[in-house]
Amino acid sequence: MTANGWLQIFFFAAAILVVTKPVGVYILRVYDGSFRWLAPVERVVYRLGGVDPADDQHWTRYAAGLLLFSAVSMLVTYFALRLQGSLPLNPFHRAAVTDRQAFETAASFTTNTNWQSYAGETTMSYLSQMMQLTFHNFASAAVGVAAAVALARGVARRSGGRIGNFWVDLVRGTLYLLLPGSLILALLFVQQGVIQNLAPYVTAHTLEGARQVLAMGPVASQEAIKQLGTNGGGFFNANAAHPFENPTPLTNFLSMFAIFVIPAGLTYTFGRMVKNQRHGWALWTAMFVLFAGGVGTAYWAEARGNPIHIAHGVAPDGNMEGKEVRFGIANSALYATVTTDASCGAVNAMHDSFTPVGGLVPLVNIQLGELIFGGVGSGLYGMIVMAILTVFIAGLMVGRTPEYLGKKIQSREVQMAMLYVLIFPAAVLALAAASVVLPAGLAGLNNAGPHGLSEILYAFTSVTGNNGSAFAGLSGTTTYYNTLLGLGTLFGRFAMIVPILALAGFLSERKTVPESAGTFPVTTALFVVLLLGVILIVGALTFFPALSLGPIVEHLLMGHGKVF
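Now for a quick tour of the structure. (Residues numbered from 1 in each chain as written. Predicted model: local features only at pLDDT ≥ 70, side-chain atom pairs only at ≥ 80, totals over all residues. Heavy atoms only, no water.)

### Focus on the overall build of the protein chain
Here comes step 1: When helices and strands are tallied, the protein chain shows 19 helices and six strands.
Here comes step 2: Computed over C-alpha atoms, the radius of gyration of the protein chain comes to 23 Å, within 12% of the 24 Å expected from 2.2 N^0.38 for 564 residues, which places it in the range of a compact globule.
Here comes step 3: Summarising its shape, the C-alpha atoms of the protein chain cover approximately 75 × 60 × 45 Å along the three principal directions.
Here comes step 4: Here the protein chain has roughly 21,000 Å² of accessible surface; of this, 68% comes from carbon and sulfur atoms.
Here comes step 5: Across the protein chain, 30 positive and 25 negative side-chain charges occur, with their mean positions spaced 11 Å apart. (Helix = DSSP H or I, 4+ residues; strand = E, 2+ residues; numbered from the N terminus. Rg over C-alpha atoms; globule rule 2.2 N^0.38 Å. Areas by Shrake-Rupley, 256 points an atom, 1.4 Å probe, with all protein chains shown as cover. Lys, Arg positive; Asp, Glu negative; His and termini not counted. Charge placed at Lys NZ, Arg CZ, Asp CG, Glu CD.)

Right, here's the structure in full:
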């Protein structure tokens, strides 16, 4: 570890702190209708869709609209990928995507997961990249923010189960938040050297006389929303390690900054909506503490390196395997932490090549539910669920009915919160357990022992957590993995987002009660500590047995001279 490395990490953290308030205020104005400079476009969209923007929907209608939109857009993408060979903007005659891979890809991009079991530059046409995949980068991100804002409305007001209008939230989030942000970011990327063209691939001849084909394409436009919308799907197979996607230290910083900027701002937005800004900062603080712990651990582990290599005089300055020399250990560890704190999945280094503890950090980040700023929307509503469980536990301790921001927390709310919490580990552990005993699951492994288990566990954690990064030693292009991983993305998104909307509806039916001497304060350091304890106990300990058999035992064996 170096002073320069820590300085870069501190600078990134400070930048996120500085922009939290202004971004939060901007998001608030987007969703309360203060911005009207694209009102004519809004009106046209509502008219074409038959939407009444004044309609305040019950949570059941809001959820139905969200599910319907996601289902239809997923089917459109599936059929477009299956017909890719017959569609235009396919100068290299890319064949139709196979049925199982088209299903997995459509499900993955619809759910903001962007898991890719293919190489983008050799599988997808320009049309598929621009029209299908980039569309879902915008749409899935807008859906996530809409769900978070709907939950905030449920907490903030009494409306008999009405939490807003899904179609209005979807349109406003896209028009006023994601499109302008992506345009600015894409221009910055182009200025730094990220390519943006529809040119044919370039054939180059190396100094050794070999022939190399350099892929071209509309990269900057996809790269911008990939990061800002915490999507993560790369135009190239190497993702953000590819110099055409991430050519300079500045683009590397902007990529990480874009991943966190909306999730961080949403904590301030929530504080303003519920008229308790100190609580919004309390949530931000809890997220930041978990982020700092993760990046510190990952940086330490990677800078320490592999003791087996060090004993033989190899790599004395740390573990550089799978990392770009232009980014180094500090920025690789920071990027891995940021991308798995959020439901992004973009990578500038190969997580499979990290040390066992270094790889443990991104795995645990996802298993915590990606509450550490999290994906656009999903990070906030996941943290609100944990806050509700925290005040519920605090209420049990003192024998009082728990309250959260003036709303009584009773059986229905606790049931939805626990449903949200339990769905994720149940899916991950069940799918991973099946894959370590079934021949079809074991056939995809390229590594034996605990590292092989880590690869399978990471895959199902990633897709169910809607992250999309991977321990790339697992071959996920089989019918077995394409099917299960695709189903995992759908289950991890929609089986968890419906309880969130139900929770929003139930809270909106509760009347607001004034604070009393027995109300547990949700703005203090004690609340933050208790919240962190609940997150770690509920999240980390659920997976501890599986982690013990994977990265933890691998770390212990590495100390005794054995690698996998």
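After presenting the structure, the write-up continues.
### Looking at the packing of helix 4 (residues 99-110) against helix 18 (residues 479-508)
Here comes step 1: Where helix 4 contacts helix 18, the two axes come as close as 8 Å, and the packing angle between them is 20 degrees. With respect to their mutual orientation, helix 4 and helix 18 come out roughly parallel. Every pair of crossing elements has a handedness; the one defined by helix 4 and helix 18 is left-handed. The segment helix 4 lies against helix 18, with Arg-100, Gln-101, Phe-103, Glu-104, Ala-107, Ser-108 and Thr-110 engaging Thr-479, Tyr-481, Asn-482, Thr-483, Leu-485, Gly-486, Leu-487, Thr-489, Leu-490 and Phe-494. (Axes fitted to C-alpha atoms, helices over the stretch in contact; angles between N-to-C directions. Parallel < 35°, antiparallel > 145°, perpendicular 65-115°, else oblique. Left-handed = near helix turned anticlockwise from the far one by under 90°. Contact = heavy atoms within 4.5 Å.)

### Some details on a nonpolar patch on the surface
Here comes step 1: Together, Leu-75, Phe-79, Leu-83 and Leu-87 give the surface a local cluster of nonpolar side chains, amounting to about 380 Å² of exposed area.
Here comes step 2: When you line up the elements, Leu-83 lands in the loop between helix 3 (59-82) and helix 4. (Patch = residues over 30% accessible without salt bridge, like charges linked within 9 Å, V, L, I, M, F, W, Y side chains within 5 Å. Salt bridge = Lys/Arg side-chain N within 4 Å of Asp/Glu carboxyl O.)

### With respect to the pattern of salt bridges
Here comes step 1: Per the stated rule, a full pass over the model turns up 12 salt bridges.
Here comes step 2: Between Glu-245 and Lys-226 there is a salt bridge, with the nearest N and O atoms lying 2.7 Å from each other. Placement of Glu-245 in the loop between helix 8 (219-228) and helix 9 (249-273) and of Lys-226 in helix 8 is noted, with a sequence separation of 19 residues between them.
Here comes step 3: The salt bridge involving Arg-510 is made with Glu-413; its shortest N-O contact spans 2.9 Å. Highlighted residues: Arg-510 in the loop between helix 18 and helix 19 (525-558) and Glu-413 in helix 15 (residues 411-435), separated in sequence by 97 residues.
Here comes step 4: Via salt bridges that share partners, Arg-36, Glu-42 and Arg-172 belong to a single interconnected network.

### Focus: the packing of helix 6 (residues 126-156) against helix 14 (residues 378-398)
Here comes step 1: In contact at an axis separation of 8 Å, helix 6 and helix 14 are set at 35 degrees when each is read in the N-to-C sense. Contacts between helix 6 and helix 14 involve Gly-144, Ala-147, Ala-148 and Leu-151 on the former and, on the latter, Ser-378, Leu-380, Tyr-381 and Ile-384.
Here comes step 2: When grouped by side-chain class, the residues that make up the contact of helix 6 with helix 14 number six nonpolar, two polar and no charged. (Nonpolar A, V, L, I, M, F, W, Y, C, P; charged D, E, K, R; others polar.)

### Some details on the pairing of strand 3 (residues 202-205)
Both faces of the sheet carry side chains from a regular strand, because those side chains alternate between them.
Here comes step 1: Of the pairings in the sheet, the one linking strand 3 to strand 4 (residues 211-214) comprises four bridges and is antiparallel in character. Counted as the bridge partner of His-205 is Arg-211 from strand 4. (Pairing = 2+ DSSP bridges.)

### Here's the deal with the environment of Phe-471
Here comes step 1: Tracing the backbone through its elements, the reader meets Phe-471 in the loop between helix 17 (449-464) and helix 18.
Here comes step 2: Residue classification places Phe-471 among the buried positions, given a relative accessible area of 6%.
Here comes step 3: Spatially, the C-alpha atoms of Phe-471 and Ala-459 are 7.0 Å apart, while their sequence positions differ by 12 residues. (Buried < 20%, exposed > 50% of the residue type's maximum accessible area, 1.4 Å probe, protein only.)

### What about unusual backbone geometry?
Here comes step 1: Positioned with a positive phi, Thr-230 is a non-glycine residue whose angle comes to about 45 degrees.
Here comes step 2: With respect to the helices and strands, the residue Thr-230 is situated in the loop between helix 8 and helix 9.
Here comes step 3: Take Thr-230: its relative accessible area is 0%, and that puts it in the buried class.
Here comes step 4: Positive phi values are uncommon outside glycine, yet Phe-373 reaches one of about 70 degrees.
Here comes step 5: The residue Phe-373 is located in the loop between helix 13 (356-367) and helix 14 in this model.

### Quick word on the packing of aromatic side chains
Here comes step 1: Going through the model one piece at a time under the given rule, you end up with 33 aromatic pairs.
Here comes step 2: Ring geometry for Phe-92 against Tyr-201: centres 4.1 Å apart, planes inclined by 40 degrees, an arrangement best described as tilted. Here Tyr-201 lies in the loop between helix 7 (166-192) and strand 3 and Phe-92 lies in the loop between helix 3 and helix 4, a separation of 109 residues in the sequence.
Here comes step 3: You can call Tyr-201 buried: its relative accessible area is 18%.
Here comes step 4: Seen from their ring centres, Trp-284 and Phe-288 are 5.3 Å apart, and the 5 degrees between their planes marks the pair as stacked. Linking Trp-284 with Phe-288, this pair stays in helix 10 (residues 277-304), spanning four residues, or about one helical turn.
Here comes step 5: Take Phe-288: its relative accessible area is 27%, and that puts it in the partly exposed class.
Here comes step 6: Here the aromatic residues Phe-11, Phe-12, Phe-253, Phe-257, Phe-260, Tyr-268, Trp-281, Trp-284, Phe-288, Phe-291 and Phe-373 are joined through ring pairs into a cluster of three or more.
Here comes step 7: We note Arg-412 situated over the ring of Phe-506; from NZ or CZ to the ring centre the distance is 4.0 Å. (Phe/Tyr/Trp six-rings, centres within 6.5 Å; stacked < 30°, edge-to-face > 60°. Lys NZ or Arg CZ within 6 Å of the ring centre and 35° of its normal.)

### Quick look at empty space enclosed by the protein
Here comes step 1: Following the criterion strictly, the structure yields three cavities of 30 Å³ or more and no others.
Here comes step 2: Here the largest cavity is characterised by a volume of approximately 160 Å³.
Here comes step 3: For the largest cavity, the lining is made up of 14 residues, of which Ser-378, Tyr-420, Gly-465, Asn-466 and Met-496 are closest to its centre.
Here comes step 4: When residues of the lining of the largest cavity are traced back to their parent elements, those giving at least two are helix 14, helix 15 and helix 18.
Here comes step 5: Tallied by class, the residues present in the lining of the largest cavity amount to five nonpolar, seven polar and two charged. (1 Å grid on protein atoms, 1.4 Å probe; cavity = no way out; pocket = protein on both sides within 12 Å on 5 of 7 lines; lining within 4 Å. Points joined across faces, edges and corners; volume = space filled by probe spheres on them.)

### Notes on helix 6
Here comes step 1: Under the 1.5 Å per step criterion, the end-to-end length of helix 6 is 44 Å for 31 residues, consistent within 8% with the ideal 45 Å.
Here comes step 2: The largest bend along helix 6 measures about 25 degrees and falls at Leu-133.
Here comes step 3: The buried count for helix 6 comes to 27 of 31 residues, which makes it a mostly enclosed element. (Expected span 1.5 Å × (residues − 1). Bend = angle between axes of the 7 residues up to and from the residue.)

### Some thoughts on the nonpolar core
Here comes step 1: Ranked by internal contacts, the top residues of the largest apolar core, which has 164 residues, are Phe-12, Ile-262, Phe-270, Phe-291, Tyr-404 and Phe-527.
Here comes step 2: Beyond its immediate sequence surroundings of up to four residues, Phe-291 is in contact with Phe-12, Ala-13, Phe-260, Leu-334, Thr-337, Val-338, Asp-341, Ile-372 and Phe-373.
Here comes step 3: Counting residues in each nonpolar core, the second largest holds seven residues, with Leu-81, Val-97, Phe-109 and Met-124 among its members. (Core = buried A, V, L, I, M, F, W, Y, C linked by side-chain atoms within 4.5 Å.)

### Considering the layout of surface pockets
Here comes step 1: Counted as a void, the largest pocket has a volume near 540 Å³.
Here comes step 2: Forming the walls of the largest pocket are 29 residues, and the residues nearest its centre are Gln-116, Ser-117, Asn-237, Ala-470 and Ala-472.

### Section: helix 17
Here comes step 1: Compared with the 22 Å implied by 1.5 Å per residue over 16 residues, the 23 Å span of helix 17 between its first and last C-alpha is a close match.
Here comes step 2: Across the 16 residues of helix 17, 14 count as buried, placing the element largely inside the fold.
Here comes step 3: Immediately downstream of helix 17, the backbone of Asn-466 shows phi near 55 degrees, a positive value.

### Observations concerning the environment of Gly-465
Here comes step 1: As for its position among the elements, Gly-465 is in the loop between helix 17 and helix 18.
Here comes step 2: For the pair formed by Gly-465 and His-555, sequence separation is 90 residues and the distance between their alpha carbons is 24 Å.
Here comes step 3: Other than its neighbours up to four places away in sequence, Gly-465 contacts Ser-343, Ile-366, Glu-370 and Phe-424.

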